[in-house]
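Fold and geometry: a report
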Amino acid sequence: MRRLFISIPINLHYTKLCNEFIQQQQLDKIRWIKPENWHVTLIFIGDFHQKYLTDLANHLTDFFSNICSFSIDFEKFIYQPEPKNPRMIWAKFKQSYQFDNLVQETFAYLKEWYEQHHLEFNIHIRNTNIPHITLARPKQNDQPFPKLKYSKVNPSVLEVKDCHLFESKLLPKGAEYHLLHTFSFDSSN
């Protein structure tokens, strides 16, 4: 079994923005995510049998080729879910109908694909999906964290023109992600 997820890659502007943000923080009970693992999760698939991987990738290639590219706007850096007991630090993007719709459509497509292959479908999504990059996870939650520090951010959009299928390997030192496939969107809009 392979542990899979689909994500939107981030560009160099956001890599730089997130690195600058991290350098301004003075938080010692945080496990920062490696920059090479930064992405915007579209949907977490979970455990997936290797023998179906090629078929799934081929079907997703067709599916995503009919999705029009779009953009999402950066909003702010935040603790999630709250500063008193955070589980993550996010680079949060503004709510986006197009992003939420893409999550919903991908979910429906995967559900149909699973049913056609007589596989158990255990993928779950939220009613509203917030695009974000997970930057850190606290090592422990025994006290409130200080206010996040960062300079005024030069707002920029993230162009969403493709997505990736990744395998996630959980290791003692943290998760390692391996790119399995890239799916291009329709950019003719």
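For the structure itself, look to the data block above.
One structure accompanies this document, and this report is about it. (Residues numbered from 1 in each chain as written. Predicted model: local features only at pLDDT ≥ 70, side-chain atom pairs only at ≥ 80, totals over all residues. Heavy atoms only, no water.)

1. Focus: the packing of aromatic side chains
What counts, and what does not: Here a pair means two rings of Phe, Tyr or Trp (six-membered ring of Trp) with centres within 6.5 Å. Their orientation is stacked below 30 degrees between planes, edge-to-face above 60, and tilted elsewhere. The secondary structure listing takes helices from DSSP runs of H or I that are at least 4 residues long and strands from runs of E that are at least 2 residues long, numbered from the N terminus. Residue burial is assigned from relative accessible area. The probe radius is 1.4 Å, only protein chains are included, and a residue is buried under 20% of its type maximum, exposed over 50%, and partly exposed in between.
Taken as a whole and assessed by the stated rule, the structure comprises 19 aromatic pairs. Considering the side-chain rings of F107 and F121, the 5.2 Å spacing of their centres and the 65 degrees angle between planes classify their relative orientation as edge-to-face. Placement of F107 in helix α3 (residues 97–116) and of F121 in the loop between α3 and β6 (132–138) is noted, with a sequence separation of 14 residues between them. The pair F107 / F121 is uniform in exposure class, with both members buried. The structure contains a cluster of three or more aromatic residues connected by ring pairs, namely Y14, F21, W32, F74, F77 and F93.

2. A few points about the packing of helix α2 (residues 53–65) against α3
The condition is simple: In this analysis, axes come from line fits to C-alpha atoms, helices being fitted only over the stretch in contact, and the angle between any two N-to-C directions falls in the range 0 to 180 degrees. Roughly parallel means an angle under 35 degrees; roughly antiparallel, over 145; roughly perpendicular, 65 to 115; everything else is oblique. By convention the crossing between two helices is left-handed if the near helix lies anticlockwise of the far one by an angle smaller than a right angle, and right-handed if it lies clockwise. Two residues qualify as a contact provided that any one of their heavy atoms is within 4.5 Å of a heavy atom in the partner residue. Amino acids are sorted into nonpolar (Ala, Val, Leu, Ile, Met, Phe, Trp, Tyr, Cys and Pro), charged (Asp, Glu, Lys and Arg) and polar (every other residue, Gly among them).
Two elements in contact, α2 and α3, have axes separated by 11 Å at closest approach and are oriented at 140 degrees. As judged from the angle between their axes, α2 and α3 are oblique. Note on packing geometry: the crossing formed by α2 with α3 is right-handed. Counted together, D55, L56, H59, L60, F63 and F64 of α2 and L102, E105, T106, Y109, L110 and W113 of α3 form the full contact between these two elements. Residues that form the contact of α2 with α3 fall into these classes: 8 nonpolar, 2 polar and 2 charged.

3. Digging into the environment of I10
Here I10 lies in the loop between β1 (2–8) and α1 (12–24). Here the alpha-carbon distance between I10 and F48, two residues 38 residues apart in the chain, equals 25 Å. Each residue touching I10, except ones within four places of it in the same chain, is listed here: T15, W38, H39, V40, I133 and L158.

4. Quick look at α2
Our working rule: A helix is expected to span 1.5 Å multiplied by its residue count minus one. Along the arc lie the directions from the helix axis toward the C-beta atoms.
Along its 13 residues, α2 runs 18 Å from first to last C-alpha, staying within 8% of the 18 Å computed at 1.5 Å per residue. Taken together, the buried positions of α2 are occupied by L53, L56, A57, L60, F63 and F64. Burial along α2 is one-sided: seen end-on, the buried residues are contained in an arc of 125 degrees.

5. Some words on the side chain of T134
By secondary structure assignment, the location of T134 is in strand β6. When near neighbours in sequence (up to four residues on either side) are disregarded, T134 contacts I33, W38, H39, M88, I89 and W90.

Geometric descriptors of this kind do not, in isolation, establish any biological role.
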